[in-house]
Amino acid sequence: MSTGGGGNQMITIIPDELKFVFEVEKQSFCDLKVVNNTENHVAFKVKTTSPKKYFVRPNTGVIQPWDSCVIRVTLQAQKECPPDMQCKDKFLLQSTTVPQLTDVDDLPSDLFTKESNGKVEECKLRVLYIPPSSTAQGNGEEDGLSSCRQSFDGNFALQRLKEERDGVVNKTQQLQQELDLLKRRKYREKGSGFSITFALVAGLIGIVLGVLIKLWFSSPSAVENTEILTEILTPPPEL
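Okay, so let's go over this structure. If you're wondering where the values come from, they're calculated on a predicted model, not measured in any experiment.

Right, let's talk about the packing of aromatic side chains for a bit. Across all of its chains, the model carries three aromatic pairs by this definition. When the centroid spacing of 5.7 Å and the interplanar angle of 40° are considered together, the rings of Phe 20 and Tyr 54 count as tilted. Of this pair, Phe 20 sits in strand β3 (residues 18–21) while Tyr 54 sits in strand β6 (residues 54–57), placing them 34 residues apart in sequence. Both residues of the pair, Phe 20 and Tyr 54, count as buried. Directly above the ring of Phe 29 sits Arg 72, whose terminal nitrogen or CZ lies 3.8 Å from the centroid.

On to the pattern of salt bridges, then. For the coordinates displayed, the defined rule picks out five salt bridges. For Glu 17, the salt bridge is made with Arg 126, and the minimal N-O distance between the two is 2.9 Å. Residue Glu 17 is found in the loop between β2 (11–14) and β3, and its partner Arg 126 is found in strand β10 (residues 121–130); the two are separated by 109 residues along the sequence. Residue Glu 23 pairs with Lys 26 through a salt bridge whose shortest N-O separation is 3.5 Å. By relative accessible area, which is 31% here, Glu 23 ends up partly exposed. Residues participating in the shared-partner salt-bridge network are Glu 17, Lys 19 and Arg 126.

Reading the values: rules and limits
Residues numbered from 1 in each chain as written. Predicted model: local features only at pLDDT ≥ 70, side-chain atom pairs only at ≥ 80, totals over all residues. Heavy atoms only, no water. Phe/Tyr/Trp six-rings, centres within 6.5 Å; stacked < 30°, edge-to-face > 60°. Helix = DSSP H or I, 4+ residues; strand = E, 2+ residues; numbered from the N terminus. Buried < 20%, exposed > 50% of the residue type's maximum accessible area, 1.4 Å probe, protein only. Lys NZ or Arg CZ within 6 Å of the ring centre and 35° of its normal. Salt bridge = Lys/Arg side-chain N within 4 Å of Asp/Glu carboxyl O.

Purely geometric stuff here, so don't read any function into it on its own.
Structure follows, in structure tokens:
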């Protein structure tokens, strides 16, 4: 039977004990680094005496030669502190070699039983509960300051976005006003062109009529001039 922390066994576990910062009604976690010290593929399995109190991921796995993995053990929120902050829970990490390309889902159910596999190594880990320390409180203050800074940065970015949005809205309104002004100018130009054309036509008709009336009054025969004027003003018959 092996204990964690050494370097002569199949695997090394760092740290060699589980330490949890214990607070009532709060979760806590501890990470374990499991190192494969061999040139073989090693499968492992984590067991505990209190499975309802802890959440282990991954609780089973395969580590390649000279590689490592991290196991996170989470202590579920507890309603009360244990007497004198003493914990009697224990963890057991079992390990054994497996063939190459062995998938964790393909591990036999009896792989870690010594009756069927005599090459199983076991590492026992004890559990320690630690009260919140001044360092943890300091980290909490730093986290609070960081949260405040993130909130300030978020508010500043939001304000910038609002200013940019307002600028876009104002620019859109200005463009709409300029477009309306151009439309009104174009309408006026069309109206003024129609008025000038109408005035020119009316002026030409007036000049013609004036000349004809002048000729009619200056002629010795008003009747002949009237006939001439009638012929001029009368449109030709349609063919």
